[in-house]
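Okay, here's what each chain looks like letter by letter:
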Amino acid sequence: QRIMSQEGLLSDSRVKKLGFENLAKTIGARWKSMSSDEERASYKAKAARDSERYKNEMAVYREKNSAKAAPYQPSQKKTKR
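Residues numbered from 1 in each chain as written. Predicted model: local features only at pLDDT ≥ 70, side-chain atom pairs only at ≥ 80, totals over all residues. Heavy atoms only, no water.

*Asks:* Would you explain the overall build of the chain in this entry?
*Replies:* Summing up its helical and strand segments, the chain has two helices and two strands in all. Reading the helices (α) and strands (β) of the chain from amino to carboxyl end gives β-β-α-α. A total of 81 residues make up the chain; the buried ones form 10% of that total. Accessible area of the chain: about 7900 Å², with a carbon and sulfur share of 53%. (Helix = DSSP H or I, 4+ residues; strand = E, 2+ residues; numbered from the N terminus. Buried < 20%, exposed > 50% of the residue type's maximum accessible area, 1.4 Å probe, protein only. Areas by Shrake-Rupley, 256 points an atom, 1.4 Å probe, with all protein chains shown as cover.)

*Asks:* Which parts of the structure should I look at to understand the pattern of salt bridges?
*Replies:* Where charged atoms from two side chains of opposite charge come close, those side chains can pair. For the structure on display, the rule yields three salt bridges. Across the pair Glu21 and Lys25 runs a salt bridge, and its minimum N-O distance is 3.3 Å. Here Lys25 and Glu21 lie together in helix α1 (residues 12-33), a separation of four residues that amounts to about one turn. Among the residues examined, Glu21 registers a relative accessible area of 53% and is labelled exposed. (Salt bridge = Lys/Arg side-chain N within 4 Å of Asp/Glu carboxyl O.)

*Asks:* What is the right way to read the packing of aromatic side chains from this model?
*Replies:* To describe a pair of aromatic rings, you give the distance between the ring centres and the angle between the ring planes. A full pass over the atoms with the stated rule returns one aromatic pair. Between Trp31 and Tyr43, the aromatic rings sit 6.3 Å apart at their centres with planes inclined by 75 degrees, giving edge-to-face as the arrangement. In this pair, Trp31 is assigned in helix α1 and Tyr43 in helix α2 (residues 37-65), connecting sequence segments twelve residues apart. The exposure class assigned to Tyr43 is partly exposed, which follows from its relative accessible area of 35%. (Phe/Tyr/Trp six-rings, centres within 6.5 Å; stacked < 30°, edge-to-face > 60°.)

*Asks:* What exactly am I supposed to notice about the side chain of Arg40 here?
*Replies:* One can find Arg40 in helix α2. Despite its burial, Arg40 pairs with no opposite charge; the closest candidate is Asp37, at 5.0 Å N-O. If we skip the residues at most four places from it in the chain, Arg40 touches Trp31, Lys32 and Met34. (Lys, Arg positive; Asp, Glu negative; His and termini not counted. Contact = heavy atoms within 4.5 Å.)

In structure tokens:
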């Protein structure tokens, strides 16, 4: 897996060295450093497309699996007598 950075793609070994917490902080700092909405626009467009893809895939998944799964029935709390 490769992570996009300002310099290009980060290699797997570099990501592993950062660790999750530091990677998240690095990504957050870079996002905040983008000064204009124009710089962020391509990322926001990718996120919107991915969100739409996810919704479509989930709709297909739910449709395929709705007949297989038993309907959800919340458990009833037992009362003390």
